[in-house]
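Summary of the model geometry
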Amino acid sequence: MAASTRLVAIAGLLGLLVCTSNGQLSPSFYAKSCPNVEQIVLSGMADAIKKEPRMGASIIRLFFHDCFVQGCDASILLDNAPGLASEKDAVSNKNSARGFEVIDAIKAQVEKACRATVSCADILALAARDSVNLLGGSNWTVPLGRRDSTTANQTEANNLPSPFENLTSLVSKFAAKGLTAQELTVLSGAHTVGFSVCFAFRTRVWGPEPNISISFAMARRQNCPASGGDTNLAPLTTPNTNRFGNQYFKNLMVGRALLHSDQELFKGGAGPTDGMVRRYGKDGGAFARDFAAAMVRMGNIGLKTGNQGEVRLDCRKVN
């Protein structure tokens, strides 16, 4: 059996085990009610990434930011409405969270095929998986059956893990969601693709900042001045291939993380997550396997199932 085939099989088994253990989600949830939903989502993501390669990373980030605020319930997709303050306006999302139009377009196609059946939360979970895979990363079975929230929580969204935090704070925030330091490390590997705005990495490249390559800092300063240019973009991982692999971890080991929070995962041998970074930097297969498993785990945070929540007809507003 080829390595890629084994990976898909392992990831699929992980998905089955998760859904069996919690008794709430199932990979076959839409087998009868909307059998083509996964193909519709995959087709939509393939088109979106073809038009704009950066979109894959944006959708992955959208899924992270959704799951970390009142669970994986598509609350991040809701627009402002009377009595509802959108998470889109939270500090970590405003002018940076993107991909909403892509999810809207996929949702419209799903609704044509199966009206009022598939939740926006499940569409986002599938879109994140497909983004990773389309960019050359691992594949996994996504347990399905999430329901959409009827509320948002901008206050909680303002407390998402930030690029300025230290390792202790990051571990604490992940632990609060039931995720381990190992899962923090491997999920951070999503930064192998995507970009960051200058505002988020200015203090790292202008310093004083320990554990940074001087040549790397100087190169990044060219597009991120000491003042101004807050929205200028730089790739989270260099070289920027827009391929999902383990280059991110290799960069951490030589002080080339763009964000302070990323470099916190590797402190030159003394940090509690240094060993994990070394492992993933040396073994891309281990990263792919563990990333798939961690995404399934994260996708089970704060589930709404059964009669909880709703299946939105429009991902931007409650029914």
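In case you missed it, the structure is sitting above this.
Residues numbered from 1 in each chain as written. Predicted model: local features only at pLDDT ≥ 70, side-chain atom pairs only at ≥ 80, totals over all residues. Heavy atoms only, no water.

Section: the overall build of the chain
Rules: Helix and strand definitions here come from DSSP, where helices need a minimum of 4 consecutive H or I residues and strands a minimum of 2 consecutive E residues; each element is numbered from the N-terminal end. Two things to know: the radius of gyration comes from C-alpha atoms, and the globule rule equals 2.2 Å times the number of residues to the power 0.38. The accessible surface values rely on the Shrake-Rupley method and a 1.4 Å probe; as for residues, cover is taken only from the protein chains in view. When charges are counted, Lys and Arg are positive and Asp and Glu negative, with His and the chain ends excluded. Charge placement uses NZ in Lys and CZ in Arg. For Asp and Glu, CG and CD serve respectively.
When its secondary structure is counted, the chain shows 14 helices and 2 strands. Relative to the 2.2 N^0.38 estimate, which gives 20 Å for 319 residues, the radius of gyration of the chain is 19 Å and therefore close to what a compact globule would have. Within the structure as shown, the chain displays about 13,500 Å² of accessible surface, and the carbon and sulfur contribution to it stands at 55%. Separation of charge centres in the chain, based on 34 positive and 26 negative side chains, amounts to 5 Å.

Some points on the packing of helix 2 (residues 37-51) against helix 5 (residues 120-134)
Our working definition: Each axis is a line fitted through C-alpha atoms, taken for helices only over the stretch in contact, and angles between the N-to-C directions span 0 to 180 degrees. Angle categories: roughly parallel below 35 degrees, roughly antiparallel above 145, roughly perpendicular from 65 to 115, and oblique for all the rest. Note on convention: the crossing is left-handed when the near helix lies turned anticlockwise from the far helix by less than a right angle, right-handed when the turn is clockwise. We call two residues in contact when some of their heavy atoms are within 4.5 Å.
Running from amino to carboxyl end, helix 2 crosses helix 5 at an angle of 55°, the nearest separation of the two axes being 9 Å. Here helix 2 lies oblique to helix 5, going by the angle between them. Crossing of helix 2 against helix 5: the hand is right-handed. Judged by residue contacts, V37, E38, V41, L42, M45, A46 and I49 of helix 2 engage I123, L126, A127, R129, D130, S131 and L134 from helix 5.

Some thoughts on helix 4 (residues 100-113)
Because each turn of an α-helix spans 3.6 residues, side chains separated by three or four positions end up pointing in the same direction. Just so we agree on the cut-off: What a helix is expected to span follows from its residue count: subtract one and scale by 1.5 Å.
Counted at 1.5 Å a residue, the expected span for helix 4 with its 14 residues is 20 Å, and the 20 Å between its end C-alpha atoms agrees. Where helix 4 is buried, its residues meet helix 2, helix 3 (55-67) and helix 5.

Topic: unusual backbone geometry
Cis peptide bonds are those with omega within 30 degrees of zero, and the linkage from G207 to P208 qualifies with 5°. Turning to its location among the elements, P208 is positioned in the loop between helix 9 (198-206) and helix 10 (214-221). In this structure, the amide linkage connecting T238 to the following residue, P239, adopts the cis form with an omega of -5°. Phi at A116 is positive, roughly 55°, even though this residue is not glycine.

Considerations on helix 10
We count it as follows: When a residue's accessible area, from a 1.4 Å probe over protein chains only, is under 20% of the maximum for its type it is buried; when over 50% it is exposed; and in between it is partly exposed. To be clear, the arc concerns the directions from the helix axis to the C-beta atoms.
When helix 10 is considered as a whole, its buried residues turn out to be F216, A217 and R220. Along helix 10, the residues classed as buried sweep out an arc of 100° about the axis, all on the same side. Residues I214 and S215 are exposed on helix 10 and point more than 90 degrees away from its buried face. Looking at the packing, one finds that the buried side of helix 10 touches helix 9 and strand 2 (233-235).

So, the pattern of salt bridges
As a reminder of what qualifies: A pair is scored as a salt bridge if a Lys or Arg side-chain nitrogen falls within 4 Å of a carboxyl oxygen belonging to Asp or Glu.
In total, this model carries 19 salt bridges according to the counting rule given. Between D73 and K304 there is a salt bridge, with the nearest N and O atoms lying 2.8 Å from each other. Of this pair, D73 sits in the loop between helix 3 and helix 4 while K304 sits in the segment after helix 14 (284-298), and the two are 231 residues apart along the sequence. Note that R279 and D290 form a salt bridge whose closest N and O atoms lie 2.9 Å from each other. One end of the pair, R279, is in helix 13 (residues 274-282); the other, D290, is in helix 14, with 11 residues separating them in the sequence. A residue is classified by how much of its surface remains accessible, and R279, at 41% relative accessible area, is partly exposed.

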